[in-house]
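Structure assessment
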Amino acid sequence: MEESWDFEFLSHIADGFVSFLSEFVDDWLANDMRVSIFKILLSWLVFSLVAIHFAWKVYGNTAPDRTEARLILRLTSADGKVLLGRR
């Protein structure tokens, strides 16, 4: 009995996904304003990810290892006293 429920549940999910996809394709082909905004945002996202990937390829080996280098923020006065942070 549970197997038919699982199949019915999966069938509803598949039907919903197919209807969403068909509506999305219709909107995409209609060149609606929402689709134009989506295309702009999608292209910005892809461009950003590609730029991050290439930047990581070029500068990734210059980044310090987190276990080797720790960034300690120190604010010192003119006479060398530590005002903020660790010594």
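Not measured: the values here are computed from a predicted model. (Residues numbered from 1 in each chain as written. Predicted model: local features only at pLDDT ≥ 70, side-chain atom pairs only at ≥ 80, totals over all residues. Heavy atoms only, no water.)

**Considerations on the overall build of the protein**
Quick note on the threshold: Comment: elements are numbered from the N terminus, with helices defined as DSSP H or I runs of at least four residues and strands as E runs of at least two. Relative accessible area decides the class of each residue, using a 1.4 Å probe on protein chains only: under 20% of the type maximum gives buried, over 50% gives exposed, and in between gives partly exposed. All accessible areas in this document rest on Shrake-Rupley with a 1.4 Å probe, and a residue is counted as covered only by the protein chains that are shown.
Of regular secondary structure, the protein possesses 2 helices and 2 strands. Mapped in sequence order, the helices and strands of the protein form the string α-α-β-β. Split into buried and exposed, the 87 residues of the protein put 2% on the buried side. Total accessible area on the protein is roughly 8,600 Å²; 66% of this is exposed by carbon and sulfur atoms.

**Here's the deal with the confidence of the model for the protein**
For clarity, the cut-off: Known as pLDDT, the predictor's confidence for each residue is given on a scale from 0 to 100. Whether two residues are in contact is decided by their heavy atoms, any of which lying within 4.5 Å being enough.
Per-residue pLDDT for the protein averages 76, and the proportion of residues at 70 or more is 66%. Low pLDDT, under 50, characterises residues 67–73; the stretch is placed with 5 contacts to residues that sit more than four places away or in other chains.

**Description of the packing of aromatic side chains**
Here is the rule we go by: What counts as a ring pair is set by centres within 6.5 Å for rings of Phe, Tyr and Trp (its six-membered ring), and what kind of pair is set by the plane angle: stacked under 30 degrees, edge-to-face over 60, tilted for all other angles. Sitting over a ring, as applied to charges here, requires NZ of Lys or CZ of Arg to be within 6 Å of the ring centre and within 35 degrees of the ring normal.
Using the criterion set out here, one finds 4 aromatic pairs in the structure. Centre to centre, the rings of Phe24 and Trp28 are 5.7 Å apart; their planes meet at 40°, and the pair counts as tilted. A residue pair is termed a helical-turn pair when its members lie 3 or 4 positions apart in one helix, as Phe24 and Trp28 do in helix α1 (residues 2–30) at 4 residues. Look at Trp28 and you get partly exposed, because its relative accessible area is 31%. Ring geometry for Phe24 versus Phe38: centroids 5.6 Å apart, planes at 85°, classification edge-to-face. Of this pair, Phe24 sits in helix α1 while Phe38 sits in helix α2 (residues 33–59), and the two are 14 residues apart along the sequence. Every member of this aromatic cluster is reached through a ring pair, and the members are Phe20, Phe24, Trp28 and Phe38. Residue placement shows Lys39 over the ring face of Trp28; its charged tip is 4.6 Å from the ring centre.

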